[in-house]
Every structure is written in structure tokens, then in C-alpha cells.
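# Residue-level structural notes
Residues per chain are reported as follows:
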Amino acid sequence: METKVLRSQLLELIRRTSCELPDDLIRALDKSRRKEKKGTTARYALDVMRENVDLARDKSQPLCQDTGTIICYVDLPKWITEKQFQSAYESAVKTATNKGFLRQNSVDSITGENSGTNLGPGSPAIHFHQASGKSLGVRMMLKGGGSENVSCQYSLPNNKLGAGRDIEGVRKCILDAVQNAQGKGCGPGILGVCIGSDRGSGFVAAKEQFFRQLDDTNDDKLLSKLEKKLLKQANTLGIGPMGFGGETTLMGIKICARNRVPASFFVSISYMCWAYRRNGFLLTESGKINRWLYEGK
Ligand code: SF4
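Residues numbered from 1 in each chain as written. Predicted model: local features only at pLDDT ≥ 70, side-chain atom pairs only at ≥ 80, totals over all residues.

### Section: the sheet that holds strand 7 (residues 266-272)
- Strand order in the open sheet formed by four strands is 4-7-5-6, with mixed pairing between adjacent strands. Of all strands in the sheet, those with a lone pairing partner are strand 4 (152-155) and strand 6 (250-258), marking the two edges. Looking at each pair of strands side by side, their axes are set apart by 15° on average, direction ignored.
- Each of strand 4, strand 5 (189-196), strand 6 and strand 7 is contacted by helix 7 (residues 199-208), which is oriented at about 40° to strand 7, the strand it contacts most. (Pairing = 2+ DSSP bridges. Helix = DSSP H or I, 4+ residues; strand = E, 2+ residues; numbered from the N terminus. Axes fitted to C-alpha atoms, helices over the stretch in contact; angles between N-to-C directions. Contact = placed C-beta atoms within 7 Å.)

Pasting the structure below:
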């Protein structure tokens, strides 16, 4: 594939991710609005979010002023190398920043200097995997700083919560995280959770959960039950959108489990705000988009 074709397809992916909320999220926002009583602050907040979604799409402008950390997961087929992809993606990020689809949002962690391009060590964050088919699979998300600030990790057992090293202990940690957030991180939130693993890989796996469809069912029966139970319980806490009270504290919880060493039991909880910007596509070697992964489902 010609480099300029790849760059232009990646630029369009970034534009859509920043400016268009995926269909499953729009459905969840509409469902939440119907649940909240008219005239309440919760309903008003959700109405404003919904209007914002339409405005951003129609004007092709970022859904939120914080365009977040740029995180990309790539399934790489044999016809392209990591280096080639990274160079094309970085170039697309730079152009997207120039065009205003991304805010100048990446600073040197020591000096605070802003590169103005969103490029720098670790930015964008790209995770590579070998593709099983011939298409290049690219999924990306823009993870807002406010929501990242309320993400957290627990080490079980936790005496303060009375949480042991079992599913009940995990449940207590997740509810505690929602209570602590209290609408900060721009709720209604969506949680990506990893049970187990080490501290670093646990958060990577927790974030990967955000690539699931919001209304899917977990293949693991126990985790599926836990997701449903926790969503129901979280929505009885009365925290509501942006902490204004109401019935919509969370719009979804997605949980995975990864092996751990017997000495450790971590619960890694990644919090996503209502501006849940993720998208992805499958691209053929000739540069044609086979399928947008989150549209129309
Ligand atoms: S947490 Fe999300 S909605 Fe809130 S300011 Fe950041 S990106 Fe925007």
C-alpha cells in the first residue's frame, strides 16, 4: 500500500474517533436519558451530552476539549512492518493535531514542554499484535485525563474494605472505586476491569476491555453475572451523571481475568468517561477499508 493512502486512512480514523461517538454509546446515552426523569439535573446533563454528540459529528469537531491520551492497538499482517505502521500513524497524528481533530495535548513529563504535535516518547501509545488474517486491524481510543485520574488499582486482601481474595472481594473493590469517583472523571462512566495479572499488564488488559461492544455479553458466565450485578448495584448508588444524582452512575462494566502469581491479587480498574471515544477498521493491502468496527451495530 502506498504510504500516503495509509496515512490518509489513519487520519480519517483519528477524525472519526475524536468527533463521532460510536453507535453503541449513543444507544446507551439515549437509554440513560429515557431512565432519568424530565426536569432533573441528571436528565439535563445527559441531554447536553447528547446534543454535544450531534454537534461534534455535524461540525467535525472534537467531542470534548480534552482529546486525551492516544492509544492504538494494531493487528499487523505480514505485508507491513511495525516501523512502517508507526511512522504512518505518527504522521497522521501530527496532521490531525494541525487540523484541530486533536488538541495539542502531549507534554514532556519532566519539563512540561508541549511538543505541539502530540508526538514524543510513548505518545501515541501503540500496542502491536500479529494479525491472524490478511487485513490490517487498527483500533484506537482517546482516553481523557479526568477519567484516567480516577482509575485505580487494588491489592487484595484489603482489610479496610473487608475484601478477600475472591469474587466478592473483587465486587467490593469495584463498588468502592465508583463511590470514590463520585461523578469525577465525567460520569456516567464505563469501567474496564482486569482481575489478576501484574500491576502493569493488569491496566493494559483493563483498557482493552473498552474495545468490547457496550451491549455484548461476556463469554465467561461468572464474569458475565458479575458485570450485570455490579452495573445494577452501581446504578443504585445515586451518584448519577457528573455526580448530579440520578439513576445513571455507570453505563457499562467490562471485566476480564488474567493469571496471577499466588502471592499477588490485583484488581485494576480503568475508568472511562461518557466521551468514550474509540473506533477501528480493517484495511486491505490495497488501502480499502473493509469494515468500520463499531458502526451500525
Ligand atoms: S474526562 Fe472525558 S469528558 Fe471529562 S474532560 Fe476529560 S475527556 Fe472530557
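Alright, that's what it looks like, and here's the rest.
### Here we look at the site of the ligand
- Surrounding the ligand, one finds Cys64, Asp66, Gly68, Gly144, Gly145, Gly146, Ser147, Gly185, Cys186, Cys273 and Ala275.
- For the shell around the ligand, a count of residues per class yields four nonpolar, six polar and one charged.
- Shared between two domains, the shell around the ligand takes at least three residues from each, and those domains are domain 1 (3-20 + 63-144 + 278-292) and domain 2 (146-272). (Near = placed C-beta within 6 Å. Nonpolar A, V, L, I, M, F, W, Y, C, P; charged D, E, K, R; others polar. Domains from an automatic or database assignment.)

### What to know about the domain arrangement of the protein
- Looking at the protein, the domain boundaries give domain 1 (3-20 + 63-144 + 278-292) and domain 2 (146-272).
- Domain 1 and domain 2 are separated by 27 Å when their C-alpha centres are compared.
- Facing nine residues of domain 1, the contacting portion of domain 2 comprises seven residues.
- Elements with a minimum of two residues in the side of domain 1 that touches domain 2: strand 1 (69-76) and strand 3 (136-143).
- Of the residues in the side of domain 1 that touches domain 2, the class split is three nonpolar, two polar and four charged.

### Some points on the environment of cysteine 186
- Following the sequence through the fold, cysteine 186 ends up in the loop between helix 6 (167-181) and strand 5.
- Distance from cysteine 186 to glycine 146, taken between C-alpha atoms, is 7.1 Å for residues 40 residues apart in sequence.
- Aside from chain neighbours lying at most four places away, what touches cysteine 186 is Gly144, Gly146, Ser147, Met242, Cys273, Trp274 and Ala275.

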